[in-house]
Amino acid sequence: MPLVAAPNPAGTPPPPVAAALVQALAESELLVALFDACDQLCWCNPAFAQRFLDGLALPVPFAELVQHNSRRGLGVRIDGGDVEAFLRDRLPRRRRLPYRAFEVDTLDGRWLRMTHTLLESGWLLSVSTDITELKQGELMLRRAQAQAEQDARTDMLTGAPNRRHVFEYGLMALQCCDLAGQPCSVALIDLDHFKRINDGHGHDMGDAVLRSLAAQAFAVLRNGDLFGRIGGEEFLLLTPGARQEQALEIVERLRCQLQPLMLDGGARLPFSFSAGVAQALSGDSMDSLITRADRALYRAKLAGRNRTESADAGDGSGLNTASSS
Ligand SMILES: Nc1nc2c(ncn2[C@@H]2O[C@H](COP(=O)(O)OP(=O)(O)OP(=O)(O)O)[C@@H](O)[C@H]2O)c(=O)[nH]1
């Protein structure tokens, strides 16, 4: 007999509709459960039973259901793993709102989106959907996005921050130091006769030298310092909070301790760099600051390389010379 639409679709369905509803719940992949006013699980559909009942006979108290599934390694993941504390916290809160929707992850690594509807009778209808695949996709997307953001800031050859990131971080550091009345210095670092290394040992060996310099620089950095690659064989060390003399000390420590590249067979390929150090003046941009460091670097190259020169009045800074070789 064809079903006739009920005059009040929200009211009690006629028996055939009620039977169809129960059948639909039985076949559904949704996890459906009904808890009575004393929080005993009184009815659930097969999907829920298969997942959480594991032979438990109904009615079963909510607390027992949680304990049972926690022991089986299938229950809700509980921070700190203290099931009793979880129950003490949750039991009074389960019926505070007429409707709640939330996500939980379970001990077997799956995710559920759950809804709790408090019925007028005081019973609680729980309907859950497995959203594990959705969550995994979301996680992969988040990881890919974080990786893309990291790649956009990183020089792929050396793993050091790239030019864009150095300039962005540098501008921020300049502004912060200026506001705080703190010094901020940079060292422009340029490998010496790098063309000769490329020509004499090959481009790959040149690449290995670039990587070696970056790795050795990371080892001398202080918290808040940044060492990045801003050009082919040109690097910038940014030292927020450091005066010119302190930046000079840091770069000199790196220069004097620089280890040669170890080649196959135990041979060593020594390399060096020259550097120019400059301290920011109020209102300096990254460009104006680097221009002064570049003039100091130029003098270091002219003076024979493998040395560090500091910006002085002649470079437009008005600061004293503090060179080292
Ligand atoms: N291996 C390698 N070489 C690079 C890279 N980027 C730039 N170079 C090389 O770096 C060399 C820079 O040469 P120059 O500008 O003449 O400088 P230099 O030989 O270091 O001489 P000085 O700076 O005057 O001491 C060029 O031969 C470039 O091809 C890179 O990513 N890898």
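- With an unreviewed UniProt entry as reference, the protein chain is termed diguanylate cyclase, source organism Azohydromonas lata.

1. Examining helix 10 (residues 286-302)
Now for step 1: Taking 1.5 Å per residue as the helical rise, helix 10 with its 17 residues ought to reach 24 Å, and the 24 Å between its terminal C-alpha atoms agrees with that figure.
Now for step 2: Close packing links the buried residues of helix 10 with helix 6 (163-180), strand 7 (184-191), strand 9 (234-240), strand 12 (273-279) and strand 13 (308-310).

2. Describing the packing of aromatic side chains
Now for step 1: Summed over all chains, the structure comprises four aromatic pairs.
Now for step 2: Centroid distance phenylalanine 35 to phenylalanine 62: 5.8 Å. Interplanar angle 80 degrees. Geometry classified as edge-to-face. Separated by 27 residues along the polypeptide, phenylalanine 35 in strand 1 (residues 31-35) and phenylalanine 62 in helix 3 (residues 62-72) bring together distant segments of the chain. We note that phenylalanine 35, like phenylalanine 62, is buried.
Now for step 3: Relative to phenylalanine 227, the ring of phenylalanine 218 lies with its centre 6.2 Å away and its plane at 90 degrees, an arrangement referred to as edge-to-face.
Now for step 4: Since its relative accessible area comes to 34%, phenylalanine 218 is described here as partly exposed.
Now for step 5: Clustering of aromatic rings is evident, with ring pairs tying together Phe218, Phe227 and Phe235.
Now for step 6: Between the NZ or CZ atom of arginine 94 and the centre of the ring of phenylalanine 62, over which it lies, the distance is 3.4 Å.
Now for step 7: Lying over the aromatic face of tryptophan 111, lysine 135 brings its terminal NZ or CZ to 4.6 Å of the ring centre.

3. Description of the site of the ligand
Now for step 1: Taken together, 17 residues lie around the ligand, and His193, Phe194, Asn198, Asp207 and Arg229 are the ones closest in.
Now for step 2: Taking phenylalanine 194, its main chain carries an N or O atom lying 2.7 Å from an oxygen atom of the ligand.
Now for step 3: Aspartate 207 is positioned such that a nitrogen or oxygen atom in its side chain is 2.6 Å from a nitrogen atom of the ligand.
Now for step 4: Starting from 660 Å² of accessible surface for the ligand in isolation, the protein chains cover 67%.
Now for step 5: Only strand 7, helix 7 (194-201) and helix 8 (203-220) provide two or more residues apiece to the shell around the ligand.
Now for step 6: With four residues, helix 8 is the largest single contributor of residues to the shell around the ligand.
Now for step 7: Taken together, the residues of the shell around the ligand sort by class into four nonpolar, five polar and eight charged.

4. Considering the pattern of salt bridges
Now for step 1: Overall, the coordinates contain 23 salt bridges when judged by the stated rule.
Now for step 2: Residues arginine 72 and aspartate 54 are paired through a salt bridge, measuring 3.2 Å at the closest nitrogen-oxygen approach. Of this pair, arginine 72 sits in helix 3 while aspartate 54 sits in the loop between helix 2 (46-53) and strand 3 (60-61), and the two are 18 residues apart along the sequence.
Now for step 3: Here arginine 299 and glutamate 309 are joined by a salt bridge, their closest N and O atoms 3.5 Å apart.

5. Quick look at the pairing of strand 5 (residues 111-118)
Now for step 1: As defined by bridge partners, strand 4 (residues 99-105) adjoins strand 5 across seven bridges and the pair is classed as antiparallel. Note on strand 5: the bridge partner recorded for valine 104 is leucine 112.
Now for step 2: If you look at the hairpin formed by strand 4 and strand 5, you'll find five residues sitting between the two strands, and glycine 109 has a positive phi there, around 85 degrees.
Now for step 3: As paired elements, strand 5 and strand 6 (residues 124-130) share seven bridges and run antiparallel to each other. Note on strand 6: the bridge partner recorded for arginine 113 is threonine 129.
Now for step 4: Where strand 5 folds back on strand 6, the antiparallel hairpin that results is connected by five residues, among which glycine 122 adopts a positive phi of roughly 95 degrees.

6. Section: the side chain of threonine 154
Now for step 1: For threonine 154, the position within the fold is in the loop between helix 5 (132-153) and helix 6.
Now for step 2: In terms of polar contacts, threonine 154 uses its side chain to reach the backbone carbonyl oxygen of glutamine 150, at 2.6 Å.

What counts as what
Residues numbered from 1 in each chain as written. Predicted model: local features only at pLDDT ≥ 70, side-chain atom pairs only at ≥ 80, totals over all residues. Heavy atoms only, no water. Helix = DSSP H or I, 4+ residues; strand = E, 2+ residues; numbered from the N terminus. Expected span 1.5 Å × (residues − 1). Contact = heavy atoms within 4.5 Å. Phe/Tyr/Trp six-rings, centres within 6.5 Å; stacked < 30°, edge-to-face > 60°. Buried < 20%, exposed > 50% of the residue type's maximum accessible area, 1.4 Å probe, protein only. Lys NZ or Arg CZ within 6 Å of the ring centre and 35° of its normal. Near = heavy atom within 4 Å. Polar contact = N/O pair within 3.5 Å; in protein donor to acceptor, adjacent residues only side chain to side chain. Areas by Shrake-Rupley, 256 points an atom, 1.4 Å probe, with all protein chains shown as cover. Nonpolar A, V, L, I, M, F, W, Y, C, P; charged D, E, K, R; others polar. Salt bridge = Lys/Arg side-chain N within 4 Å of Asp/Glu carboxyl O. Pairing = 2+ DSSP bridges.

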